[in-house]
Each structure stands twice: as structure tokens, then as C-alpha cells.
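# Working through the structure, step by step
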Amino acid sequence: MKKWCQTTCTIKSGAMDMEESKDEKEIDREDLEEPQEKPMEEWKRIPPWTKQITVRGLIASLLIGVIYSVIVMKLNLTTGLVPNLNVSAALLAFVFIRSWTTLLQKAGIVSSPFTRQENTVIQTCAVACYSIAVGGGFGSYLLGLNKKTYEQAGVDTEGNTPGSFKEPGIGWMTGFLFVVSFVGLLALVPLRKIMIIDYKLTYPSGTATAVLINGFHTSQGDKMAKKQVHGFAKFFSISFLWGFFQWFYSGGAQCGFSQFPTFGLRAWKQTFYFDFSMTYIGAGMICSHLVNFSLILGAVLSWGIMWPLISGLKGDWFPMTLPESNMKSLNGYKWQIMGVSLLMIFKEMNCL
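For clarity, every value in this text was computed on a predicted model and none was experimentally measured. (Residues numbered from 1 in each chain as written. Predicted model: local features only at pLDDT ≥ 70, side-chain atom pairs only at ≥ 80, totals over all residues. Heavy atoms only, no water.)

### Focus: the overall build of the protein
Counted only if it meets this: Each helix is a run of DSSP H or I of at least 4 residues and each strand a run of E of at least 2, with the numbering of both proceeding from the N terminus. Contacts between residues were defined by any pair of non-hydrogen atoms, one from each residue, lying within 4.5 Å.
From N to C terminus, the protein includes 14 helices and zero strands. Taken from the N to the C terminus, the helices and strands of the protein come in the order α-α-α-α-α-α-α-α-α-α-α-α-α-α. In the protein, of all internal contacts separated by at least 6 residues, the share reaching a separation of at least 24 is 63%.

Written out as C-alpha cells, the structure is:
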């Protein structure tokens, strides 16, 4: 009888413990569900478009777009490679507006809250600004329409129609860029329907940007945002101070750290040197290893092997009297396709 009572009490106490543990789990679940419901409610409350497109947002996007346009023009004119800067544009937009609102709060001025929608608008406008600098042809065909390039190609050259040049001008270039931008916009709508809606393909840069922006504008993402902002300020300061230090030792176009003969003077004459530019280091960190290795291989094949060999054939392949900057001289071979130039070199070696 005693054993039966002890067993019954044990079963009852175990059942009570199980009920208590269930209650504790339910309470924990409720605690976990409560903070998860708040972000969902915040996402559902989308502000009107007047709160998304603001004056401070347009000013910030203009400043970021100008900065990025200078960077991508330098990269486009030197390497021909422009990495995707969507994520960094979102980070800069957050840094600019959050710094501005913080200063206003310290001054006792009330400002409207900075939302994720406004952050997205600023990032989109900044990316569109530097995309025009890249896609508009400023680093390739648009500036190559001038009279100087026409004369370098040779006035009497076959295919170079007399008078077929166009000097840069604000009026016609603005109209041309409007047309280019709207062509891209019209092409984007059907591509979005096919690639993203129908085939449900992932969009890595857009997804990464959205995750970053959502992380900035949550209570849980404050620590991450502060960490990224501090990292941005740190490396921006290092880059600025290093560039300011280089400026003191720039004595001319071929002097200073920008023309430092890292691999010797002979390699320097073939433009193989390290210019200590933080811009190229940052672009290399953004790009994949495959792209970086392809650039290195192309530089070695072209500037290290092909152009020196073609330069040694002066007088056979092109007149000796012409300067290298002339399109009928060595400069013309540099603008040809690498495969065609390689074929011509191999053909010449077989003839020898």
C-alpha cells in the first residue's frame, strides 16, 4: 500500500513538473514571439512617398553619387573594371543621414526619423548617378568622338569618314544620357519579370543591400551598424591620410608614390609598378579572385609581352616616324583585340 501511494505521488509530482515545464516553455515562446511581431508591424507600416523621398535624402544621394562617379571614372579609365558598389552606397547613405540626425538632436532640433525606405531611395539614386557615368560611355566611346581622336586615327584612314567627329557638349550629351537611361529603364521591366518573377532567380547585390539596410533599422542591428560605421570611419581616415601624405611627395606626373618603381626601372618603363592607391586595393577586395587573376594575366600578356614585341617591330609593322600615341603606330595595336594581336605575333614568329 505504501509503495502504491509512493508511486502515485511520484506520478503526480512528475505530471505537475511536466505541466510547469510546459507553462515555462509557453511563456518563453510568448517572449520570443513578442519581439518578432514588432518588426513585422514596422514592416507593414510603410510611410508615404513624401516621407521616402526627402530633401535631405536627395542631397545625400547627390553627394554620394558625385563621389562614386569620380571613383568609377578613375577605375574605368585605368583598369576598365567597375565593381558593384550597391552595398557600400547603402552604408554611406546610413552614415550620412544618421550623422546628420544625430547632430540635429544634439542641437535640440527635432527631425523626422530615418527609415529603411528613405535609406533605399538614397542608395538607389546614388547607384543610378554613378551608373550613368559608367554606362553613358564617359570612359569609352562618348569621349572618343572628339576631333583629337579622329585625327589620331588618321584623316586618310579607310573607314574614318571625313568630318565624323563630335566635340563634347553639355546640351547634346545631356539629351543622349536621358535616352540611354530610359532605354535601360524600359529594358529592365521585362527582364525583371522574366528573371526574378518567372524564373525566381536570386539577385545577390540587391539581396545583400536589402539585408544590410534592414539590419541597420532594427533595435538588434544597432550594434552591427555601429561596428560597420566605425570600420568605415577608420579605413576612410586611413585612406585620406595616406593620400594626403602621398600628395607631399608628388613632384610631377612621373614622380612620387604614384610612379614608384616597385619592380625596377625596366619594368617601370612598361608601366609595371605599384602606385599605392587605396582605390585599387578596395576594388580588388570587392571583386572576386577570378576577376583579379584575369586582370593580372591580361596585364602580363599585353604590357609585359605583346607591346614590347610589337614595339621592336617598328619600321616593319608601322612607320618609324610616327609617335607611339598615333593610332597608326603602337597605340593602334594596343586598342586592337588581344586575340588578333597574339595571332599576328605568332604569325610573325613563324615567318622568322
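From this point, the narrative continues.
### Digging into the UniProt feature "transmembrane region" (unreviewed entry) in the protein
For clarity, the cut-off: UniProt positions are given in the numbering used here, feature names are shortened, and annotations may be inferred rather than shown by experiment.
Mapped onto this structure's residue numbering, the UniProt feature "transmembrane region" (unreviewed entry) falls at residues 53–75, 81–100, 121–143, 170–191 and 232–250. When the span residues 53–75 is considered, its composition is 91% helix and 0% strand, and the gap between its end C-alpha atoms is 30 Å. Taken end to end, residues 170–191 has its terminal C-alpha atoms 31 Å apart, with 100% of it in helix and 0% in strand.

### Some points on the confidence of the model for the protein
What counts here: The predictor attaches a confidence to each residue, and that confidence, scored 0 to 100, is pLDDT.
This prediction gives the protein a mean pLDDT of 75; 79% of its residues lie at or above 70. Predicted confidence in the protein is weakest over helix H1 (residues 2–44), with a mean pLDDT of 44, and strongest over helix H3 (residues 55–78), with 89. Across residues 1–38, where pLDDT falls below 50, the model places zero contacts with residues more than four positions away in sequence or in other chains.

### Overview of a nonpolar patch on the surface
Applicable threshold: Note on patches: the residues involved have over 30% relative accessible area and no salt bridge, like charges join within 9 Å, and the nonpolar side chains Val, Leu, Ile, Met, Phe, Trp and Tyr join within 5 Å. Accessibility throughout is a Shrake-Rupley quantity obtained with a 1.4 Å probe, and a residue counts as covered only by protein chains that appear here. The salt bridge criterion pairs a side-chain nitrogen of Lys or Arg with a carboxyl oxygen of Asp or Glu, the two atoms within 4 Å. When accessible area is computed with a 1.4 Å probe and restricted to protein chains, residues below 20% of their type maximum are described as buried, those above 50% as exposed, and intermediate ones as partly exposed.
On the surface, Leu191, Ile194, Met195, Ile196, Ile197, Tyr199, Leu201 and Tyr203 cluster together into a nonpolar patch covering about 780 Å² of accessible area. Along the chain, the position of Ile197 falls in helix H7 (residues 170–198). The partly exposed category is assigned to Ile197, whose relative accessible area is 40%.

### Details of the nonpolar core
What counts, and what does not: By nonpolar core is meant a set of buried Ala, Val, Leu, Ile, Met, Phe, Trp, Tyr and Cys residues that side-chain atoms within 4.5 Å join together.
Among the nonpolar cores identified, the biggest contains 28 residues, and Ile64, Tyr68, Ile122, Tyr130, Phe138 and Phe216 are the most heavily contacted of them. Listed by contribution, the elements that provide at least two residues to this core are H3, helix H4 (86–106), helix H5 (116–135), H7 and helix H8 (204–216). Ranked by residues supplied to this core, first place goes to H4 with eight residues.

### Quick notes on the environment of Gly57
Checked against the element boundaries, Gly57 lands in helix H3. Counting along the chain gives 62 residues from Gly57 to Asn119, while the straight-line C-alpha distance between them is 7.8 Å. Non-local contacts of Gly57, meaning those with residues more than four positions away in its chain, are made with Glu118 and Ile122.

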